[in-house]
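# Overview (structure and organization)
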Amino acid sequence: MNLVGVDVGATKIAAGVVSPEGKVLARVRRQTARTPEKLLSGIVRAVSEVRDGFEVGGGCVAVPGLLLSQESIVVYSPNLHAIEGIRLKDELEPEIKLPLTIENDNSAAAWGEFRFGAGKGTNHLVFVGLGTGIGGGIISHGQLLRGAQGAGGELGHVTIQATGPRCACGNRGCLEAFASGTAIGRLAREVAGERPSSALGRLAAEREVLGEDVARLAHEDDEGAVSVLREVGRWLGIGLAGFVNVFNPEVVVVGGGAMGGGELMLECAREEIHVRARPPGRDLVEVKEATRGPDSGVIGAAARAKEHSGKYLL
Ligand SMILES: [Zn+2]
């Protein structure tokens, strides 16, 4: 049976009809509205458009922020306040007229990679999504690990340096403050100041340097951009080494829109894991780039609907 997956982001809503094999059969994208009423009606409309002409058995809406899974309420969403405080399942299910599951977006992306992507065939996986911030999802014994309230898996807000830069969450020195897209931009501006003759330095003299500029210049072998991604990769590895010690995963999958640095960042991360994580976990774990790209949220959400409906289990 096909299922509907919806990935609600701060700027866009992506909805897809997904086959039992993880293939996206239809896609719809809409802008994310900034008021609660319009946000909800936008989700309902995206589902109604995308499922038109398909037989579907259920759906899952993946949302950004800290989620109380029992109540399906997002209590805090720094980039999408409009979604906070709403009983999402109660509001959306009667309108969408499908059995509905609500899930955290990074948990859904983790599930998408676990079922149909870089973690296929494993039972123990840690997913880290690098975007404006850093989100996480943990699969242990083939189950999504949520914690007591459903708000677990916030891997971006683990402190890795007590006196580090201020994080968007208010704490200092979170992994997110060192290895997110925002952190890449901040470090790039610092390195541009130190190396004004590098391509990165010359670009910074003309306009604001963004995360994607750094990835592009690093692929062109600019030493300034390469040094930024190596530094970010090392900080990422410091965070991942802790996750390897705690969860003993078979695979760590790194995805998200700020993963343009790809293998260059992951190489440095692997070196840190080797130095800092303990055997035997560090010798087992593979660190891989996500393979389902921007679809992993939609595919993962659909697969979560499958999990919750039970009868559609693969
Ligand atoms: Zn934080």
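In case you missed it, the structure is sitting above this.
Reference entry: report on the structure contained in this document. (Residues numbered from 1 in each chain as written. Predicted model: local features only at pLDDT ≥ 70, side-chain atom pairs only at ≥ 80, totals over all residues. Heavy atoms only, no water.)

This next bit is on the overall build of the protein chain. If you tally the helices and strands in the protein chain, you get eleven helices and twelve strands. When the 314 residues of the protein chain are sorted by exposure, 55% land in the buried category. Here the contacts in the protein chain between residues at least 6 apart in sequence split such that 62% fall between residues at least 24 apart. Of the roughly 13,800 Å² of accessible surface on the protein chain, a fraction of 49% belongs to carbon and sulfur atoms. (Helix = DSSP H or I, 4+ residues; strand = E, 2+ residues; numbered from the N terminus. Buried < 20%, exposed > 50% of the residue type's maximum accessible area, 1.4 Å probe, protein only. Contact = heavy atoms within 4.5 Å. Areas by Shrake-Rupley, 256 points an atom, 1.4 Å probe, with all protein chains shown as cover.)

This part takes up the coordination of the zinc ion. For the zinc ion, the full set of protein donor atoms is H157 (ND1), C167 (SG), C169 (SG) and C174 (SG), and the range of their distances to it is 2.0 to 2.4 Å. For the zinc ion, the four donor atoms are set out with angles of 107 to 119° between them, so the coordination reads as tetrahedral. The sequence pattern describing where the donors of the zinc ion fall on their chain is H-x9-C-x1-C-x4-C. You can call C167 buried: its relative accessible area is 5%. (Donors = N, O, S within 2.8 Å, 3.2 Å for Na, K, Ca; no water. Tetrahedral: all angles 85-135°; square planar, octahedral: opposite > 155°, others 65-115°.)

With that out of the way, let us pick up unusual backbone geometry. For the peptide bond that leads from P279 to P280, omega is 0°, which places it in the cis range. By the element assignment, P280 lies in the loop between α9 (262-276) and α10 (281-284). One non-glycine residue, K97, adopts positive backbone phi at about 60°. The residue K97 is located in the loop between α2 (88-96) and β7 (100-104) in this model. A positive phi is found at D221, a non-glycine position, where the angle reads about 70°. Among the secondary structure elements, D221 is positioned in the loop between α7 (211-219) and α8 (223-247). Judged by relative accessible area, D221 falls into the exposed class, the value being 64%.

Tallied over the entire structure, the rule returns two aromatic pairs. Ring geometry for W111 versus F114: centroids 4.8 Å apart, planes at 55°, classification tilted. In this pair, W111 and F114 both sit in helix α3 (residues 105-116), three residues apart, roughly one turn of the helix. On the basis of relative accessible area, W111 is assigned to the buried category, the value being 1%. The ring of W111 has R304 lying over it, and the distance from NZ or CZ to the ring centre is 4.4 Å. (Phe/Tyr/Trp six-rings, centres within 6.5 Å; stacked < 30°, edge-to-face > 60°. Lys NZ or Arg CZ within 6 Å of the ring centre and 35° of its normal.)

Strands sit in the order β3-β2-β1-β4-β7 across an open sheet of five strands; the sheet is mixed. Strands at the two margins of the open sheet, each flanked by one partner only, are β3 (24-31) and β7. The sheet shows a mean angle of 20° between the axes of neighbouring strands, direction not considered. Here five bridges tie strand β4 (residues 56-63) to β7, and the two strands are oriented parallel to one another. Each residue of the ladder has a partner; that of G59, found in β7, is L100. (Pairing = 2+ DSSP bridges. Axes fitted to C-alpha atoms, helices over the stretch in contact; angles between N-to-C directions.)

For the rest of this paragraph, the subject is the pattern of salt bridges. Following the criterion strictly, the structure yields 14 salt bridges and no others. Between R304 and E103 there is a salt bridge; the shortest N-O distance is 2.9 Å. With R304 in helix α11 (residues 296-309) and E103 in strand β7, this residue pair connects regions lying 201 residues apart in the sequence. What makes E103 buried here is its relative accessible area of 1%. Between D213 and R207 there is a salt bridge, with its nearest N and O atoms 2.9 Å apart. Each of E103, R146 and R304 takes part in one network of salt bridges that share partners. (Salt bridge = Lys/Arg side-chain N within 4 Å of Asp/Glu carboxyl O.)

Let's shift gears to the sheet that holds strand β9 (residues 134-140). The sheet built from five strands is open, its strands ordered β10-β9-β8-β11-β12 with mixed pairing. Edge positions in the sheet fall to β10 (143-144) and β12 (286-289), since each of these pairs with one other strand and no more. Summarising the sheet, strand β11 (residues 251-255) and β12 pair through four bridges and their orientation is parallel. By the bridge assignment, V254 is partnered in β12 with E289. Here α3 sits on the sheet and contacts β8 (125-130), β9, β10 and β11; the angle it forms with β9, its principal contact strand, is near 50°. Lying on the sheet, α8 is in contact with β8, β9, β11 and β12; it crosses β8 at an angle near 155°.

Our next topic: the side chain of N104. Looking at where N104 falls in the secondary structure, it is placed in strand β7. The class for N104 is buried, based on a relative accessible area of 8%. Within the local environment of N104, its side chain forms a polar contact with the backbone nitrogen of N106, the two atoms lying 2.9 Å apart. Setting aside chain neighbours within four positions, we find N104 in contact with A62, V63, G65, L67, G136 and E154. (Polar contact = N/O pair within 3.5 Å; in protein donor to acceptor, adjacent residues only side chain to side chain.)

With that settled, the discussion passes to the pairing of strand β1 (residues 2-8). Among the seven residues of β1, seven are classified as buried, and the element is accordingly described as predominantly covered. Side-chain alternation along β1 places N2, V4, V6 and V8 on one buried face and L3, G5 and D7 on a second face that is also buried. With six bridges connecting them, β1 and strand β2 (residues 12-18) associate as antiparallel partners. Bridge pairing in β2 places V8 opposite I13.

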